[in-house]
Amino acid sequence: MHRKIATGLAASTLALVTVAATATTASAAPADKPQVLASWTQTSASSYNAWAAARANQAAWSAYGFNWSTDYCSTSPDNPFGFPFSMSCARHDFGYRNYKAAGTFDANKSRIDSAFYEDLKRVCNAYSGGTKTSCNGTAWTYYQAVRAFG
């Protein structure tokens, strides 16, 4: 009789440990969500590239519950004067939406805006001469707009 009770208790304990371990494993990946979000919203090209790769494979990141939605450059042109700013705007939206959802937007807004400007300038680096100058001026205008109104 004692052996049956002991066996039952051991089985129950094992079941609880298994459930707890499964719950921990299932929630372990999103525990680093703030770090992943931060790594994808830095000013560097490598940060942009990591975000772009993740955006192209959103299903792999579904457990994180990131908001990937975007309206690109909102009410401004996505490709002003032919300059392809839409992906820079999409990453900017990603930063804004996810930091707002995390409740840490105010602490991160300046960096997200700076990353946006760096992304725009990298777009402009594909040009030269007066076209590059025009692109950089447009990038500066977009950056000032998000700093003031974003």
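1. Some points on the packing of aromatic side chains
Consideration 1: Applying the stated criterion to the full structure yields 18 aromatic pairs.
Consideration 2: With a centroid separation of 4.8 Å and an interplanar angle of 35°, the aromatic rings of W68 and F94 are classed as tilted. Here W68 is found in the loop between helix 3 (45–56) and helix 4 (86–102), whereas its partner F94 is found in helix 4, with 26 residues between them in sequence.
Consideration 3: A relative accessible area of 13% places W68 in the buried class.
Consideration 4: On the basis of relative accessibility, which here comes to 1%, the residue F94 falls in the buried class.
Consideration 5: Taken together, the aromatic side chains of W40, Y48, W51, W61, Y64, F66, W68 and F94 make up a single cluster linked through ring pairs.

2. Focus on the pattern of salt bridges
Consideration 1: By the definition in use, this model includes five salt bridges.
Consideration 2: For the salt bridge of R97 with D93, the shortest nitrogen-to-oxygen distance reads 3.3 Å. Here the residue R97 and the residue D93 both occupy positions in helix 4, the gap between them amounting to four residues, near one helical turn.
Consideration 3: In this structure, the salt-bridge partner of D119 is R122, at a minimum N-O distance of 2.5 Å. Placement of the pair is D119 and R122 together in helix 5 (residues 105–124), with a separation of three residues, close to one helical turn.
Consideration 4: Judged by its relative accessible area of 4%, D119 is buried.
Consideration 5: The exposure class assigned to R122 is partly exposed, which follows from its relative accessible area of 28%.

So, how was this worked out
Residues numbered from 1 in each chain as written. Predicted model: local features only at pLDDT ≥ 70, side-chain atom pairs only at ≥ 80, totals over all residues. Heavy atoms only, no water. Phe/Tyr/Trp six-rings, centres within 6.5 Å; stacked < 30°, edge-to-face > 60°. Helix = DSSP H or I, 4+ residues; strand = E, 2+ residues; numbered from the N terminus. Buried < 20%, exposed > 50% of the residue type's maximum accessible area, 1.4 Å probe, protein only. Salt bridge = Lys/Arg side-chain N within 4 Å of Asp/Glu carboxyl O.

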